[in-house]
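What the coordinates show
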Amino acid sequence: MIDGLAALLQRATVRIDADHNPRGTGFFVGPGLILTCAHVIPSVHKATSSLQIYWQERYYEAAITTVSADDSSPDRDLDLALLTVPLEDHPCVLLCGEAQPYSRLYTYGYPGSVPGGTSFIFDAAGPAGERNQWVTFQRGPVDPGMSGAPLLDRESGCVCGMIQFSLGLHSERGGQGLQARVILAQLPDLVNHQLAAHRQNRRWLELLSVEQRQRLGQCCPQYQPLLQQNTKALKVFISYSGSQRDRKLREELEKQLASFRRNQLIESYHSEQLSAGRERSESQRLLEQADIILLLISPDYMSSDQCYNEEMQRAMQRHEAGTARIIPIKLRPTVELASSPFGKLQALPRSGQPITESRDRDAAMKEIADELYRVIQELKSKQT
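What counts, and at which threshold
- Residues numbered from 1 in each chain as written.
- Predicted model: local features only at pLDDT ≥ 70, side-chain atom pairs only at ≥ 80, totals over all residues.
- Heavy atoms only, no water.
- Helix = DSSP H or I, 4+ residues; strand = E, 2+ residues; numbered from the N terminus.
- Buried < 20%, exposed > 50% of the residue type's maximum accessible area, 1.4 Å probe, protein only.
- Contact = heavy atoms within 4.5 Å.
- Areas by Shrake-Rupley, 256 points an atom, 1.4 Å probe, with all protein chains shown as cover.
- Lys, Arg positive; Asp, Glu negative; His and termini not counted.
- Charge placed at Lys NZ, Arg CZ, Asp CG, Glu CD.
- Expected span 1.5 Å × (residues − 1).
- Arc of directions from axis to C-beta.
- Disulfide = S-S within 2.5 Å.

**A closer look at the overall build of the protein chain**
For the protein chain, the helix and strand inventory stands at 12 helices and 16 strands. A total of 384 residues make up the protein chain; the buried ones form 54% of that total. Taking the contacts inside the protein chain whose residues are at least 6 apart along the sequence as the reference set, 68% of them involve residues at least 24 apart. Summed over all atoms, the accessible surface of the protein chain reaches about 17500 Å², with 46% contributed by carbon and sulfur. One way to put it: in the protein chain the 42 positive side-chain charges average out to a point 3 Å from where the 45 negative ones average out.

Right, here's the structure in full:
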């Protein structure tokens, strides 16, 4: 789920300015609370200095609440600072654990060359320091302005550290960052701020896979109560004709969606799952509650009054109202699709070729599942 987490990380990252001059990067770790390096901000003794953060194309005044060391301290373990800003409606990163050797690390920061922000991907070489307090990462530049940027571990789904310094400016030598476990040990109150943030807004937790959730529970047991709560799975309604040929194709597609259900990303429904005598009313109810509606298009679908005149028409009304995402899927060759109400929507497969005419049907089904996953990630990132 790196795509969704990377997007969320970007929205949780800020540029830190001193006297309106860019100094470095920081990221939200609690409501209105930003973590960065102490050397990024002016010394607390310089009372004439002012701090601002740049976030979502706006500037906000910031106040220093905690500084573990000033910018001249030789102890980089204490190179930590917390800032507060008058903001609450923002995502927070999940800070936990430490990077493992060979992990892929994603970051977003504000180097001087790109003051509007940019992304980098590094390879973790492994721990450094007598107590393994740092992680060394390579194959990417760490230029001025990247200090204080978060390091997202692809494997764990957590921010495992914060960039502190470069091993070679304008080069691919990378740099070193302070491990998350060390940050939390130095700033113990931050644990409660993190729990409060993710209890209030579960977006980050919702994006973790089952494996990442298990790893988080083992690494940071304080999250176990939150992880045991039911996550909000998106509801997917599959509208299809029920003909024998369409049923077989629907079953093949649902096999591709099994991992989404297993990871509690979605709950999927179709009318044949419903009990006799209740199909019409229950089908309408599920259609009204669905976050995503899949239209499995075939000649049988287009000729079905229930599918075309009822389910598809209502689905399009919900699409126009912005209350559901509609995805047409071409099962079999069907005429006059361009003039249909859903003809303006992007159908799958993107090639326009129906599934039954694909050379590799499994590949076509996987493409549809991949596209659906992108939609799920987009909708999940908007959940509060």
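**Focus: helix H3 (residues 189-200)**
Compared with an ideal rise of 1.5 Å per residue, which puts 12 residues at 16 Å, H3 spans 17 Å between its outermost C-alpha atoms and is within 8% of the ideal. Regarding H3, the residues found buried are Leu190, Gln194, Leu195, Ala197 and His198. The buried residues of H3 occupy one face: seen down the axis, they fall within an arc of 165°. Opposite the buried face of H3, at more than 90 degrees from it, the exposed residues are Asp189, Asn192, Arg199 and Gln200. In this structure, the buried residues of H3 make contact with strand E2 (21-30), strand E3 (33-36), helix H2 (180-186), helix H4 (203-206) and helix H6 (224-228).

**So, the state of the cysteines**
In total, this model carries one disulfide according to the counting rule given. What pairs with Cys96 in a disulfide is Cys220, and their sulfur atoms sit 1.9 Å apart. Judged by the sign of its S-S torsion, about 105°, the cystine formed by Cys96 and Cys220 is right-handed. Separated by 124 residues along the polypeptide, Cys96 in the loop between strand E6 (81-84) and strand E7 (104-109) and Cys220 in the loop between helix H5 (210-219) and H6 bring together distant segments of the chain. Using a relative accessible area of 4% as the deciding quantity, one classes Cys96 as buried. Cys158 takes part in no disulfide bond, and the closest cysteine sulfur to it belongs to Cys96, at a distance of 4.8 Å. On the accessibility criterion, Cys158 (2% relative accessible area) is buried.

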